[in-house]
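So the chains spell out like this:
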Amino acid sequence: MTLLQLTLKNLSRRRVRTALTIMGIGLGIGAVVALLGLAWGLEASWTDAYKVRKTDLVVRRSGGGLIAQPFPDSASEQVAQIPGVSQVASLLTEVLSIESVPMMVVSGRQWQSFLWENLKIVSGRLPTSADEKVVVLGTLAAEMLEKKPGDKITIEIDEFEVVGIADGGAVVENGAIMISLPLLQGVMQKDKMVNFINVRLDPKSRDPHTVSQVIQQHIPGCRVDIAEEVLSQSDGVKTFKAMNWGTSIIALLVGTFGVMNTMFMSVFERTREIGILLALGWKRSRILRMILLESVTLCFAAGIVGIIAGIALLKILTLMPWMQGRIEPQITIELLSLALGLAIAVGVASGLYPALHCTRINPSLAIRQV
Amino acid sequence: MLARLTTLLLLAATLAATAQDYTAEQLLAGVKAARPSGGIYARLRMSHTPAGSTKPEILQVQVKRRIAPNGHSEHLYQLLFPANRKGEGLLLKISDGQFTGSSHSPSSGTKTLQPSDRSLGLFATTLSIDDVIAEFLDWPSQTLTGTENLGNIPCHIIESKAPASSKSTARLVRSWIDAKRFVTQKMQVFGSDTTRPLKTVLTEKVLRNKTGYYLPVTFTVTDTATGAQTTVEGVRSDSDLTFPDTAFTPEALQTLTTAP
Amino acid sequence: MPSPSAANAPLLEIDDVRREFDDGQVLALRGVNLTIHEGEYVAIMGSSGSGKSTLLSLLGALDTPNSGEIRYRGQSLSSYPDLGQFRAKHLGFIFQSFLLLPTLTALENVLVPMFEMPWSRPERQRRAAELLEAVGMGHRLNHMPEKLSGGERQRVAIARSLANEPSILLADEPTGNLDTQNAAQIMDLLRSVHHQRKNTMILVTHDPAIAKTADRIITMRDGQVVEDTQTHPHTAIS
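Bear in mind that the values here come from a model prediction, so they are computed numbers and not experimental data.

## Some thoughts on the overall build of chain A
And then number 1: Within chain A one finds 12 helices and 12 strands.
And then number 2: Considering only C-alpha atoms, chain A reaches an extent of 95 × 45 × 30 Å along its principal axes.
And then number 3: Scored against the burial criterion, the 370 residues of chain A give a buried share of 53%.

Pasting the structure below:
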């Protein structure tokens, strides 16, 4: 018999209470998994877009939300001249209501720039020239619009042919319509205007922070985001993450008090037994470990339950129509280990006080209790 | 303690009084003031559910609007989607509750509108030319009849009665106006039978524009007789545009161009 | 080779021990002096309130005196940093109400004190099974306490008290919850355990018949030793 076996026996003697406690903290852990999965997913789906495009810096006009205000494309030539910059690609990104889809990203990409490189054609082909009146759809966009190569698509007043369906390697790319920059400029009557410049740095160059400062000095009124940090800098995302963390912490706190209550009830009931163990010569530290092991085991089980519940919740959310193409929740090893880690931490935090209480039990009084 | 309570009561009374103090005319003036005076380009997404159907039909529409130098209000509505109806359009010139204009469809060409077309649905939706003219705002008989909370928005109810001279199909319009934002939250349009509305309009989403005014951007028009419904959703807009006079001619109806 | 000095060396010395409760309102022990030798079979007798249970708690290192000293092989108990360790090493307890852990089987109950012993798991299992065999419970290793009779439970408790190979066994009214027949069997078992293992047995009882089974009877009244009789000669450990 080991301490763990003893612990399991103790937990199984009040099955309903143990199960309810596991459910309580399990829901808390589930909330953590779902909320952080969403927050990380939001971040990853945007940073992924830059990762698959191998973009290091993004230049835009300062101010505005995720979709930035347009500025003259001539700025991209200036950026290209800056030492440390190896390639630039300009973009005009619009969020439009396309046919029956309420909102969709239309991404006008500089022709022959690296922005076309990450598109893996699933069916059809890429455009053959900048002014061929065609578009390529991301896989998700094709699904939402119900289009295949050869179909026509109306973007504002113009009609285009869908020539290809492409996997862009990131949700943001797959949910978008890809079109050559001059065509979208024509549709939107924004001749020679862009709203993003994607920059690739020379691999041997100075660090992105230095280059970004130089760009800011050369182009007044612009803002340079470092691709990896672009989302963590956005206020919206910061708020979203803070809210998710806040909610998670509240859920965990509630769970912690729940477990603490259970553990206290459990040790009060067993004062006499703990007295017996002390009388039989058990070290106080072993009693402490036993109670802690009980609450940690309880929370570990809750962690597993919570992870399953959280993943299920995320899967359900992913199926919701309003979620599609927006956020791909991230269920990563990091998230799951964090959830389990938090569960164990809750176990320790909630078990410590009841466990310390046990070590102060006077065995000669405790064994006389009936 | 007592002093604080008195202050609170006084404050509440003052607030209540200010909300009560509007007249019907002031409220309607507020609603009218929110309408932009310069040229506008807007993209609308309309979702029309015909009577007896559950599957909505999606229409993508562009709208150009201006106040012409002669003071007339000029509207141009053009259909972009579905592709088989692309190019259908409606031109309206409105003045003092009267309208002239033309309709166009690529298959049957351009026609001049007749006064009897007033109740014609815009692209066959439940939103009619009469609704677009919204003449009731200028009718002389406006009465504040009460207040009601819609959801958690306190609204004033105004009844607008049509004068005998009005050509509108509406004889009575009842509007629920959010007096804080001057936004019409709900409307009932009655014909000669003032017990049963012909149409109801419900505002679903309100946004604040650049100039600080609140405007309904999503609203649903229901034809109470048939149950047909159209939800109009503003997708994007450009304001303070200057249109050439040629943008509001029958010829302009036959071509599609975006905002200047 | 037997060592006569070891046989006569005092195992426990109780030196003017006083214990009071409730801030001196209850004087449970008012100066007790006793010497107990290795291998003795001692009964402490007295009516309820005589202080015999308090004395047992002190001897069992479950409680500490207000004044006076208890020495184990010459070393004062107050000098032990952890009395739990002392109990784990040297003492075995048998209680009137058995005090078995209800969630554990007979075998597991015997394993509990072995947590503090430096033995391997199979070694512990073997020893526990042997002990239960020795008290006549070899056929009930995996029974839960609630499925055992009172006599059987006390047998398990006796096996448990021997688990850490203690030099002293302390029994507090071990037959108090048993009928006459079972009581006699348990007393026989204690006697034979003592005979085989030669550990020191200290038995607390209010029953003169039980006390008579011991070699030495110490009688207490009002917190003091009033009589100390050697009924059988103390046989030295050989």
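## Looking at the interface of chain B and chain A
And then number 1: Opposite the 17 residues of chain B that make contact, chain A presents 15 residues.
And then number 2: Taken over both partners, the interface formed by chain B and chain A buries close to 1200 Å², and the fraction arising from carbon and sulfur atoms is 51%.
And then number 3: Among the residues of chain B in contact with chain A, F81(B), R236(B) and T258(B) are the three that bury the most area, contributing 35% of the side total.
And then number 4: Where chain B meets chain A, there are 2 salt bridges.

## Observations concerning the arrangement of the chains
And then number 1: Considering every one of the 2 pairs of chains in contact, the largest contact total is recorded for chains A and C.
And then number 2: One finds no contact between chain B and chain C; the C-alpha atoms of the two approach each other to within 51 Å at their closest.

## What about the confidence of the model for chain A?
And then number 1: Residue-level pLDDT values for chain A average 87, and 94% of them are 70 or greater.
And then number 2: Of all helices and strands in chain A, the one with the weakest mean pLDDT is helix α12 (residues 363–366) of chain A (83), whereas strand β6 (residues 134–138) of chain A scores best (96).

## Observations concerning empty space enclosed by the protein
And then number 1: The final tally for this structure, using the stated rule, is 4 cavities of 30 Å³ or more.
And then number 2: Estimated volume of the largest cavity: approximately 100 Å³.
And then number 3: Surrounding the largest cavity, 13 residues form its lining, N10(A), L11(A), R14(A), R17(A) and S266(A) being those nearest its centre.
And then number 4: Element by element, the count of residues in the lining of the largest cavity is highest for helix α8 (residues 235–269) of chain A, at 4 residues.
And then number 5: Of the residues contributing to the lining of the largest cavity, the split by class is 3 nonpolar, 4 polar and 6 charged.
And then number 6: Roughly 70 Å³ of volume is contained in the second largest cavity.
And then number 7: Taken together, L6(A), N10(A), R13(A), R270(A), E273(A), I274(A), L277(A), M290(A), L101(C), T103(C) and L104(C) form the lining of the second largest cavity.

## Focus on the sheet that holds strand β8 (residues 200–205) of chain C
Residues and elements named next belong to chain C.
And then number 1: The sheet built from 6 strands is open, its strands ordered β6-β7-β8-β3-β9-β10 with mixed pairing. At either margin of the open sheet sits one strand with a lone partner, and together these are β6 (91–94) and β10 (224–230). Taking the axes of each pair of neighbouring strands and ignoring which way they run, one obtains an average angle of 15° across the sheet.
And then number 2: Bridge count for strand β7 (residues 168–172) against β8 is 5 bridges, and the pairing is parallel.

## Some remarks on the sheet that holds strand β1 (residues 10–21) of chain C
Residues and elements named next belong to chain C.
And then number 1: The strand order across the open sheet built from 4 strands is β2-β1-β4-β5, with neighbouring strands paired in antiparallel fashion. The open sheet has two edge strands, β2 (26–37) and β5 (75–76), and neither has a second partner.
And then number 2: When strand β4 (residues 67–72) meets β5, the two strands line up antiparallel, connected through 2 bridges. By the bridge assignment for β5, Y72 is matched with Q75.

## Brief notes about the packing of helix α1 (residues 3–12) of chain A against helix α10 (residues 284–319) of chain A
Residue and element names in this part refer to chain A.
And then number 1: Between α1 and α10, whose axes approach to 9 Å, the crossing angle comes to 60°. When the interaxial angle is binned, α1 and α10 end up oblique. The hand of the α1/α10 crossing is right-handed. The segment α1 lies against α10, with L3, L4, L6, T7, L8, N10 and L11 engaging R286, R289, M290, L293, E294, T297 and L298.
And then number 2: For the contact of α1 with α10, the class distribution of residues is 8 nonpolar, 3 polar and 3 charged.

## Here we look at the packing of aromatic side chains
And then number 1: Scanning the model with the defined rule gives 9 aromatic pairs over all chains in all.
And then number 2: Both rings, one in W111(A) and one in W116(A), keep their centres 5.4 Å apart while their planes meet at 70°; by these two values the pair is edge-to-face.
And then number 3: Given the relative accessible area of 7%, W116(A) is considered buried.
And then number 4: Judged by centre distance (6.4 Å) and plane angle (65°), the ring pair of F136(B) and W139(B) falls under edge-to-face.
And then number 5: According to the relative accessible area criterion, F136(B) is buried, its value standing at 11%.
And then number 6: On the basis of relative accessible area, W139(B) is assigned to the buried category, the value being 5%.
And then number 7: An aromatic cluster is present here, built from F264(A), F268(A) and Y353(A) joined pairwise through their rings.
And then number 8: The ring of F160(A) is capped by K133(A), whose NZ or CZ atom sits 5.0 Å from the centre of that ring.
And then number 9: Across the ring face of F115(C), the terminal group of R124(C) is positioned such that the distance to the ring centre comes to 6.0 Å.

## Looking at the domain arrangement of chain A
And then number 1: Its domain assignment divides chain A into domain 1 (3–47 + 235–366) and domain 2 (63–220).
And then number 2: Placing a centre on the C-alpha atoms of domain 1 of chain A and another on those of domain 2 of chain A gives a separation of 45 Å.

## Observations regarding the interface of chain A and chain C
And then number 1: Of the residues lining the interface, 24 residues belong to chain A; the matching set on chain C comes to 25 residues.
And then number 2: Between chain A and chain C lies a buried interface of about 2300 Å² when both sides are counted; carbon and sulfur atoms form 62% of it.
And then number 3: On the surface where chain A and chain C come into contact, there are 3 salt bridges.
And then number 4: Where chain A touches chain C, the interface holds 8 residue pairs in polar contact (both at pLDDT 80 or more).
And then number 5: Elements represented by at least two residues in the side of chain A that touches chain C include exactly α1, α9 (271–279) and α12 of chain A.

## Here we look at the pattern of salt bridges
And then number 1: Counted according to the given criterion, the structure contains 43 salt bridges over all chains.
And then number 2: In this structure, R286(A) and E116(C) form a salt bridge, with 2.7 Å as the shortest nitrogen-oxygen distance. Taken together, the residues span two chains, with R286(A) in helix α10 and E116(C) in the loop between α4 (106–111) and α5 (121–134). Take R286(A) and E116(C): they sit in the same class, and that class is buried.
And then number 3: Of the charged contacts in the structure, one is a salt bridge between E88(B) and R85(B), with a shortest N-O distance of 3.1 Å. Accessibility classification places E88(B) together with R85(B) in one group, the buried group.
And then number 4: Salt bridges linked by common partners bring E123(C), R126(C), R127(C), E130(C) and E165(C) together as one network.

## Regarding the environment of I177(A)
Residue and element names in this part refer to chain A.
And then number 1: Along the polypeptide, I177 turns up in strand β9 (residues 176–180).
And then number 2: Separated by 35 residues in the primary sequence, I177 and A142 have C-alpha atoms spaced 8.5 Å apart.
And then number 3: Among all residues touching I177, those that are not within four sequence positions of it are I98, M104, V105, V106, S107, V135, V136, L137, L145, I153 and I155.

The rules behind the values
Residues numbered from 1 in each chain as written. Chains lettered and ligands numbered in written order. Predicted model: local features only at pLDDT ≥ 70, side-chain atom pairs only at ≥ 80, totals over all residues. Heavy atoms only, no water. Helix = DSSP H or I, 4+ residues; strand = E, 2+ residues; numbered from the N terminus. Buried < 20%, exposed > 50% of the residue type's maximum accessible area, 1.4 Å probe, protein only. Contact = heavy atoms within 4.5 Å. Buried area = accessible area lost by both parts, 1.4 Å probe. Salt bridge = Lys/Arg side-chain N within 4 Å of Asp/Glu carboxyl O. pLDDT = per-residue confidence, 0-100. 1 Å grid on protein atoms, 1.4 Å probe; cavity = no way out; pocket = protein on both sides within 12 Å on 5 of 7 lines; lining within 4 Å. Points joined across faces, edges and corners; volume = space filled by probe spheres on them. Nonpolar A, V, L, I, M, F, W, Y, C, P; charged D, E, K, R; others polar. Pairing = 2+ DSSP bridges. Axes fitted to C-alpha atoms, helices over the stretch in contact; angles between N-to-C directions. Parallel < 35°, antiparallel > 145°, perpendicular 65-115°, else oblique. Left-handed = near helix turned anticlockwise from the far one by under 90°. Phe/Tyr/Trp six-rings, centres within 6.5 Å; stacked < 30°, edge-to-face > 60°. Lys NZ or Arg CZ within 6 Å of the ring centre and 35° of its normal. Domains from an automatic or database assignment. Polar contact = N/O pair within 3.5 Å; in protein donor to acceptor, adjacent residues only side chain to side chain.

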